[in-house]
Amino acid sequence: TLRARVRELTEERAAVDVEGGGRREYVEKDRQQVETLEKHQEEMETLGKLQEEMEIRDLRVVELQQRIETHVLEHDSEVEALQLRAMQEVEQAVQEFEIEKSRLLQVESLLKLERDGLWAECDVLKGQFDGFKGECDGLKRNCDDLEAKCDGLTIERDGLKAERDGLVQVAATHDR
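The following refers to the structure shown. Only a predicted model underlies this, so the values are computations on that prediction, with no experimental measurement involved.

### A few points about a negative patch on the surface
Line of reasoning, step 1. Residues Glu52, Glu53, Glu55 and Asp58 make up a contiguous surface patch of negative charge.
Line of reasoning, step 2. You can see Glu55 is positioned in helix H2 (residues 24–175).

If you want it as structure tokens, here you go:
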């Protein structure tokens, strides 16, 4: 693999540098480059694994899409039948609604007529009540007048009694 080859080259370079003497700086740089290459290699391997996983997932997605398309095709006729039935039920519900609406409008009309009749009857009763109230007010005035007359007659009676009592006393005084 690339990693093994990089190690090999690094070891050869290190051996050459040691034999040549004083080249430790290059060895250190080479070692850092090797580490960088190794990290890069690991990242490439990880990326390769991720690409493989993505390809597998892509295949699964394609498979699922095909299954979904097959399922949709299989059930298209069912959907059409359900749509037709739903449309028929909606039409029937609309017809029933219209019939009920018409019936309710007739009931509303009858109730309005009945209400208007009740208002008219109420107006008649109110007129009668006002007439009775007027009669009652007249009778009350008559009662008040009669009561005043009674009070006047009571006063007159009391005056006559007093006059009679006075005359009885005068007659009693004369008889003695």
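There's more to say after this.
### Let's talk about a nonpolar patch on the surface
Line of reasoning, step 1. Together, Met44, Leu47 and Leu50 make up a nonpolar patch on the protein surface, roughly 270 Å² of accessible area in all.
Line of reasoning, step 2. Inspection of the secondary structure puts Leu47 in helix H2.

### With respect to the pattern of salt bridges
Line of reasoning, step 1. Summed over the entire model, instances satisfying the criterion amount to eight salt bridges.
Line of reasoning, step 2. One salt bridge in this structure joins Glu108 and Lys112, with 3.9 Å as the shortest N-O distance. Within this pair, Glu108 and its partner Lys112 are both found in helix H2, separated by four residues, close to a single helical turn.
Line of reasoning, step 3. Since its relative accessible area comes to 37%, Glu108 is described here as partly exposed.
Line of reasoning, step 4. For Lys112, a relative accessible area of 41% puts it in the partly exposed group.

Rules used throughout
- Residues numbered from 1 in each chain as written.
- Predicted model: local features only at pLDDT ≥ 70, side-chain atom pairs only at ≥ 80, totals over all residues.
- Heavy atoms only, no water.
- Patch = residues over 30% accessible without salt bridge, like charges linked within 9 Å, V, L, I, M, F, W, Y side chains within 5 Å.
- Areas by Shrake-Rupley, 256 points an atom, 1.4 Å probe, with all protein chains shown as cover.
- Salt bridge = Lys/Arg side-chain N within 4 Å of Asp/Glu carboxyl O.
- Lys, Arg positive; Asp, Glu negative; His and termini not counted.
- Charge placed at Lys NZ, Arg CZ, Asp CG, Glu CD.
- Helix = DSSP H or I, 4+ residues; strand = E, 2+ residues; numbered from the N terminus.
- Buried < 20%, exposed > 50% of the residue type's maximum accessible area, 1.4 Å probe, protein only.

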